[in-house]
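Residue-level structure breakdown
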Protein chains: 2
Amino acid sequence: MVQGLLDKNSHIPIYIQIEEIIKQRIYLEEYKIGENIPSERELSTQFDVSRMTVRQSITNLVNSGLLYREKGRGTYVANPKLEQPLKGLTSFTEDMRARGMEPSSKVLRFEKIVPPVDIARDLMLEAGEEVFFVVRIRSADSKPMAIERTYIPVKIYPELDEKKIMGSLYALIEAKFHQKIGNAIQQMEAAIVLKEDSKFLQINHTAPVLIIKRTSYLSDGVPFELVRSTYRADRYKFISEIKR
Amino acid sequence: MVQGLLDKNSHIPIYIQIEEIIKQRIYLEEYKIGENIPSERELSTQFDVSRMTVRQSITNLVNSGLLYREKGRGTYVANPKLEQPLKGLTSFTEDMRARGMEPSSKVLRFEKIVPPVDIARDLMLEAGEEVFFVVRIRSADSKPMAIERTYIPVKIYPELDEKKIMGSLYALIEAKFHQKIGNAIQQMEAAIVLKEDSKFLQINHTAPVLIIKRTSYLSDGVPFELVRSTYRADRYKFISEIKR
DNA sequence: TCATATAATTGGTATAGACAACTATACCGA
DNA sequence: TCGGTATAGTTGTCTATACCAATTATATGA
């Protein structure tokens, strides 16, 4: 048993602390890629915790793809992927920063409207229910990257205004509902740019674009946002990870 | 306690059986959307198992998005999504069947080559290492949908031939290595079709296409397949789910 | 030497119980 | 009416233990 690694009186759960230590050991190559880490039983004596607690840590690391288990053999460090996809739901801002570019944004429209029927259906709205409709030019390193059209049901966040939309909408919504933001469904397709969009994106009116439509849900499954983004195909690739 | 729901002598783990029962009860609206299911303690007496076993079942259902937990309040049934994305890694065949179309396929090329450097890098190959290179036209309801170019390192599956490629490659590989197939990373972009591809896809040579590049990995992180698919933009949308 | 049995080790499943953190409600007193 | 407090119920974390199933290492015997 090794002392001083864990703080058992911390407000941070032990299994989270152990996750961090294991990640650190992988990073420091104390545990090498392709090799096995100590067995669950050995780790539990090393940290002086029960095996079930160690299992909780390892299970999380397996789910995140850092480790993998083989019954009867052991738990191994997985090969890291060449291109790390963005983890989970990210904003345009985070996305661009992760790509090493500086994001900026300009609001073209901000208003309350009754949305088209297809949008209303995706947001599970009754006929006539209003949404906030926001149109923004999204730029990276001062060059236009995408046009983004956002629909947010008024009943979800009636006090929304043009200032609030500039910050992190997700944080605001998570604070208002005592729920976390759950997941999202994305549709992706290729198309030729609309003539009206081509001048904002500063591309030829026959240029291809990548259109991403994302509907985001609270963890109870209620949709709270629909975003339709039109990206310049020459500047943007979408990278994602699929689990089996 | 209720008898006869679980088979404790079954080879199927109890926590899996409980998952199925809960899913069934949601489907039968015994547990209604937005309402809470019985507490973990109550379920554990109902099934006459320990609370931790029930927790394992519920945790899996929470991870799959069917339920969500609120500390101190209970566990609730989430709203189902309108459009269910394909779960995990799917083949073209599964994808088209799920969309209600009948897939077919025609092999244009099958050969061993030394791949371009970018492909070799993605597959973590040394210079000069060979891959199988397969080009296929993928059709749905007898209409061309995509051109698919597949690269598989020869060292991964040397005995591959034109017949084996028609079946489920994944099943073959999972059987050969005692590993499961792990996950994949996808890159998606929009473009104008290549002239040579346009006649196979039967589209105008200025038409947009959706290009999907997917690299698939064994659970130890070793890449075993790279597929570059060019889809007709007018016939194909890609739908995926993002977890936060 | 080479099979074959046996033991040891590993992750997988399951139990029973304890305390912490949080929520909702009922109740009481100012 | 308002605000605090007690209480009961919920999920979250953690322990200690046990046995099972798959794999690997070791010993045994022909």
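Worth saying up front: this structure is predicted, and the values here are computed from it rather than measured.

The next subject is the interface of chain A and chain B. Taken together, the 43 residues of chain A in the interface contact 43 residues of chain B. Taken together, the elements giving at least two residues each to the side of chain A that touches chain B come down to β7 (181-192), β8 (208-218) and β10 (238-243) of chain A. When residues of the side of chain A that touches chain B are assigned to their parent elements, the largest contribution, 12 residues, is made by β7 of chain A. Considered class by class, the residues forming the side of chain A that touches chain B number 22 nonpolar, 12 polar and 9 charged. Note that β10 of chain A and strand β6 (residues 181-192) of chain B share 6 bridges and pair antiparallel. From the neighbouring strand, K243 of chain A faces β6 of chain B, where its bridge partner is N183 of chain B.

Here we take up the protein's contact with DNA strand D. Near DNA strand D you find 22 residues, and of these I14, V49, T53 and G72 of chain A together with S39 of chain B are the closest. Where the surface near DNA strand D is concerned, the elements lending two or more residues are α1 (14-27) and α3 (51-63) of chain A together with α2 (40-47) and β2 (74-77) of chain B.

Attention now moves to the relation of the copies chain A and chain B. When chain A is fitted to chain B, the residual RMSD is 0.2 Å, and the transformation amounts to a turn of 180° plus an axial shift of 0.1 Å. What the superposition gives is, in effect, a two-fold axis relating one chain to the other. Relative to the rotation axis, the C-alpha of A190 of chain A is the closest in chain A, positioned 2.5 Å from it. Both copies contact each other with a shared surface, as 100% of the interface residues of chain A are interface residues in chain B too.

This brings us to the packing of α2 of chain B against helix α3 (residues 51-63) of chain B. All names here are of chain B. Viewed as axis vectors pointing N to C, α2 and α3 meet at an angle of 110°, and their least axial separation amounts to 8 Å. Relative to α3, the element α2 lies roughly perpendicular. The two elements α2 and α3 meet at a crossing, and its hand is right-handed. When α2 is examined against α3, the residues E40, R41, L43, S44 and F47 are found in contact with a partner set consisting of R51, V54, R55 and I58. Here the residues of the contact of α2 with α3 sort into 4 nonpolar, 1 polar and 4 charged.

The next thing to look at is the sheet that holds strand β9 (residues 238-243) of chain B. Strands sit in the order β4(A)-β5(A)-β6(A)-β9(A)-β8(A)-β7(A)-β9(B) across an open sheet of 7 strands; the sheet is antiparallel. The strands lining the two open edges of the sheet, one partner per strand, are β4 (103-113) of chain A together with β9 of chain B. Neighbouring strand axes in the sheet, compared pairwise and without regard to direction, differ in orientation by 20° on average. Strand direction decides the pairing type here: strand β6 (residues 143-153) of chain A and strand β9 (residues 223-232) of chain A, joined by 6 bridges, are antiparallel. When the bridges of β9 of chain A are listed, A146 of chain A appears paired with Y231 of chain A.

Turning our eyes to something else, we now look at the pairing of strand β1 (residues 67-70) of chain B. All names here are of chain B. Two elements, β1 and β2, share 4 bridges in a ladder whose sense is antiparallel. Its bridge partner being in β2, E70 is matched across the sheet by G74. The turn joining β1 and β2, which pair antiparallel and follow one another in sequence, is formed by 3 residues; a positive phi near 80° is taken by G72.

The next subject is the protein's contact with DNA strand C. Looking at DNA strand C, there are 22 residues lining it, with S39 of chain A together with I14, V49, T53 and G72 of chain B nearest. Mapped onto the surface near DNA strand C, the elements with two or more residues apiece are α2 (40-47) and β3 (74-77) of chain A together with α1 (14-27) and α3 of chain B. At 3 residues, the largest contribution of residues to the surface near DNA strand C is made by α2 of chain A. Grouping the amino acids of the surface near DNA strand C by side-chain chemistry returns 6 nonpolar, 9 polar and 7 charged.

On to the sheet that holds β6 of chain B, then. Strand pairing in a sheet is mediated by backbone hydrogen bonds. Such pairs are either parallel or antiparallel. Spatially, 7 strands are ordered β10(A)-β6(B)-β7(B)-β8(B)-β5(B)-β4(B)-β3(B) in an open sheet, and the strand pairing comes out antiparallel. Two strands close off the open sheet at either side, each with one partner strand: β10 of chain A together with β3 (103-113) of chain B. Here the average twist between neighbouring strands, direction ignored, is 20°. Inspection of the sheet shows strand β7 (residues 208-218) of chain B paired to strand β8 (residues 223-232) of chain B by 9 bridges, in the antiparallel sense. Bridge pairing links Y217 of chain B to P223 of chain B in β8 of chain B.

Quick look at the nonpolar core now. If you look at the biggest cluster of nonpolar residues, it comprises 34 residues, and the most contacted ones within it are V209, L210 and Y231 of chain A together with V209, L210 and Y231 of chain B. Residue assignment for this core shows that the elements contributing at least two residues are β6, β7 and β8 of chain A together with β5 (143-153), β6 and β7 of chain B. The contacts of L210 of chain B, once residues within four sequence positions are left out, are E189 and A190 of chain A together with M188, A190, Y231, A233, Y236 and F238 of chain B.

On to the pairing of β3 of chain A. Every regular strand shows the same layout, with side chains that alternate between the two sheet faces. As defined by bridge partners, strand β1 (residues 36-37) of chain A adjoins β3 of chain A across 2 bridges and the pair is classed as antiparallel. Bridge assignment links I37 of chain A to a residue of β3 of chain A, and that residue is T75 of chain A.

What follows deals with unusual backbone geometry. At E29 of chain A, a residue that is not glycine, the phi angle is positive and equals roughly 60°. For E29 of chain A, the position within the fold is in the loop between α1 and β1. Given 10 C-beta atoms within a 10 Å radius, E29 of chain A is considered exposed. Notably, M124 of chain B is not glycine yet its phi reads approximately 55°, a positive angle. Assessed through the 15 C-beta atoms surrounding it within 10 Å, M124 of chain B is described here as partly exposed.

With respect to the element layout, A78 of chain B can be found in the loop between β2 and α4 (92-98). Using a count of 23 C-beta atoms within 10 Å as the deciding quantity, one classes A78 of chain B as buried. On a C-alpha basis, the gap between A78 of chain B and K32 of chain B in space is 9.0 Å, while along the polypeptide they are 46 residues apart. Beyond its immediate sequence surroundings of up to four residues, A78 of chain B is in contact with S219, D220 and G221 of chain A together with G65, L66, L67 and Y68 of chain B.

Procedures and definitions
Residue indices begin from 1 for each chain and proceed along its sequence in written order. Chains carry letters and ligands carry numbers; both start at the beginning, A for chains and 1 for ligands, and go up in the order they are written. Residues qualify for local features only when their pLDDT is at least 70, as the model is predicted, and side-chain atom pairs are given and counted only at 80 or more; totals for whole chains, interfaces and linings, by contrast, use all residues. Note on contacts: residues are paired as contacts if their backbone-placed C-beta atoms lie within 7 Å. Helix and strand labels come from DSSP, where a helix needs a run of H or I of at least four residues and a strand needs a run of E of at least two; each type is numbered from the N terminus. Note on residue classes: Ala, Val, Leu, Ile, Met, Phe, Trp, Tyr, Cys and Pro are nonpolar, Asp, Glu, Lys and Arg are charged, and everything else, Gly too, is polar. Only strands that DSSP links by at least two bridges are regarded as paired with each other. Near, for a residue, is defined by distance from a backbone-placed C-beta atom to a molecule or strand, with 6 Å as the limit that must not be exceeded. Copies are brought into register by a least-squares superposition over C-alpha atoms of residues with pLDDT of at least 70 in both. Between the N-to-C directions of two axes lies an angle of 0 to 180 degrees, each axis being a line fitted to C-alpha atoms and, for a helix, fitted only over the stretch in contact. Note on angle classes: values under 35 degrees are labelled roughly parallel, values over 145 roughly antiparallel, values of 65 to 115 roughly perpendicular, and the remainder oblique. In a left-handed crossing the near helix is turned counterclockwise from the far helix by less than a right angle, and in a right-handed crossing that turn is clockwise. A set of buried Ala, Val, Leu, Ile, Met, Phe, Trp, Tyr and Cys residues, joined through C-beta atoms within 7 Å, is what we mean by a nonpolar core. Partly exposed residues are those falling between the two cut-offs: more than 12 but fewer than 20 other C-beta atoms within 10 Å of their own, whereas 20 or more means buried and 12 or fewer means exposed, with C-beta atoms placed from the backbone.

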